[in-house]
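Below are the chains, spelled out letter by letter.
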Amino acid sequence: MEMDLSTILFLALFGFVAAFIDSTVGGGGLISLPALLGLGLPPYLALGTNKLAGTISSATSSFTFIRNGKFDKKLMFMLFPVSLIGAYFGAKTVLFVPQELLKVLVIIMMALIFVYTLFNKRFGEVANFKGYTKFTLSLGIPFTFLIGFYDGFFGPGTGSFFVFLMVLLFGYDFVIAAGNGRILNLASNIAALTVFTLEGKVVLVTGLVMGVAMLLGASLGARMAIKTGVRYVRPLFLIVSITLITKMVYELIFS
């Protein structure tokens, strides 16, 4: 791919916007992946290149949340390797299995999450975390593995799934949930990127150009989430969720 000025500006714009959104509630792949496909990259190359840029983005936003103490260190120590392993197996599987098999299930799950969050006005507004129990961990570990697997296999909405899991199961508010979600998403991105790189499915220069813009967008988005709190994160979560649902339904019907 030729890196002329228009291509660089295109990657920078879409990368910045994608990372700004993704740094808080996930869903940045809704913007960055179609942008790469629009430049003519084949699907697997677009997936791999997007993982490179996304890893830069999630690393930046994770560092911002960690630096401000907006995460749970103990829980992340337990779940980070789970997400990593899940994404590794997901990325290995995607090279052999059609992605369409997951689309209907993901649409249903995202729709349920959207409706639940919309009608529970105080959902994620106040932290209800009371410590870990055998019950929460017995659900949290396999669900983290499955979300990580999904990120390696397909990807869109992974951050939203992690945030929802952190709020619903563990009782964090949306801001701490966003910090935890970004760290777990970083793990899944690293694993998936490793697989795609080893398989030769990454366009390095393109991914780095988009990644630099994502670095800036992720840093700004994470800082805004920390500063403005739940009143910013919750509506953004709902907007990204319904956008993801609409996009996937459209692709399912017309593709």
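Residues numbered from 1 in each chain as written. Predicted model: local features only at pLDDT ≥ 70, side-chain atom pairs only at ≥ 80, totals over all residues. Heavy atoms only, no water.

Overview of the overall build of the chain
Scanning the chain for helices and strands turns up 10 helices and 0 strands. When the helices and strands of the chain are listed from N to C terminus, the series reads α-α-α-α-α-α-α-α-α-α. Computed over C-alpha atoms, the radius of gyration of the chain comes to 17 Å, within 12% of the 18 Å expected from 2.2 N^0.38 for 255 residues, which places it in the range of a compact globule. Overall, the C-alpha framework of the chain stretches about 55 × 35 × 35 Å when taken along its three principal axes. Taken across its 255 residues, the chain has 53% of its residues classed as buried. (Helix = DSSP H or I, 4+ residues; strand = E, 2+ residues; numbered from the N terminus. Rg over C-alpha atoms; globule rule 2.2 N^0.38 Å. Buried < 20%, exposed > 50% of the residue type's maximum accessible area, 1.4 Å probe, protein only.)

Regarding the UniProt feature "transmembrane region" (unreviewed entry) in the chain
In the numbering used here, UniProt assigns the "transmembrane region" (unreviewed entry) feature to residues 75-95, 101-119, 131-150, 162-181, 202-226 and 232-250. Strand forms 0% of residues 202-226 and helix 92%; the C-alpha atoms that close the span are 32 Å apart. The span residues 232-250 carries 100% helix and 0% strand; its end-to-end C-alpha distance comes to 27 Å. (UniProt positions renumbered as here; feature names shortened; annotations may be inferred.)

Observations concerning a nonpolar patch on the surface
A grouping of Val104, Ile108, Leu112, Val249, Tyr250, Leu252, Ile253 and Phe254 is seen on the molecular surface, where their side chains present a nonpolar patch of about 810 Å² in accessible area. Of all the elements in the fold, those that place two or more residues in the nonpolar patch are helix H5 (100-119) and helix H10 (230-254). (Patch = residues over 30% accessible without salt bridge, like charges linked within 9 Å, V, L, I, M, F, W, Y side chains within 5 Å. Areas by Shrake-Rupley, 256 points an atom, 1.4 Å probe, with all protein chains shown as cover. Salt bridge = Lys/Arg side-chain N within 4 Å of Asp/Glu carboxyl O.)

With respect to helix H6 (residues 134-153)
A rise of 1.5 Å per residue sets the reference length of H6, with its 20 residues, at 28 Å; its end C-alpha atoms lie 29 Å apart and thus fit the reference within 8%. All of the buried residues in H6 are Thr136, Gly140, Thr144, Ile147, Gly148, Tyr150, Asp151, Gly152 and Phe153. Phi turns positive one or two residues past the end of H6, at Gly155, with a value near 115 degrees. (Expected span 1.5 Å × (residues − 1).)

Notes on the packing of H6 against helix H8 (residues 174-198)
For any two helices packed against each other, one specifies the crossing angle of their axes together with the interaxial distance. Following both chains from N to C, one finds H6 and H8 inclined at 45 degrees, their axes separated by 9 Å at the closest point. Comparing the axis directions of H6 and H8 gives the class oblique. For H6 against H8, the interelement crossing comes out right-handed. Taking contact as the criterion, the partners of Thr144, Gly148, Asp151 and Gly152 in H6 are, on H8, Leu184, Asn185, Ser188, Asn189, Ala192 and Phe196. (Axes fitted to C-alpha atoms, helices over the stretch in contact; angles between N-to-C directions. Parallel < 35°, antiparallel > 145°, perpendicular 65-115°, else oblique. Left-handed = near helix turned anticlockwise from the far one by under 90°. Contact = heavy atoms within 4.5 Å.)

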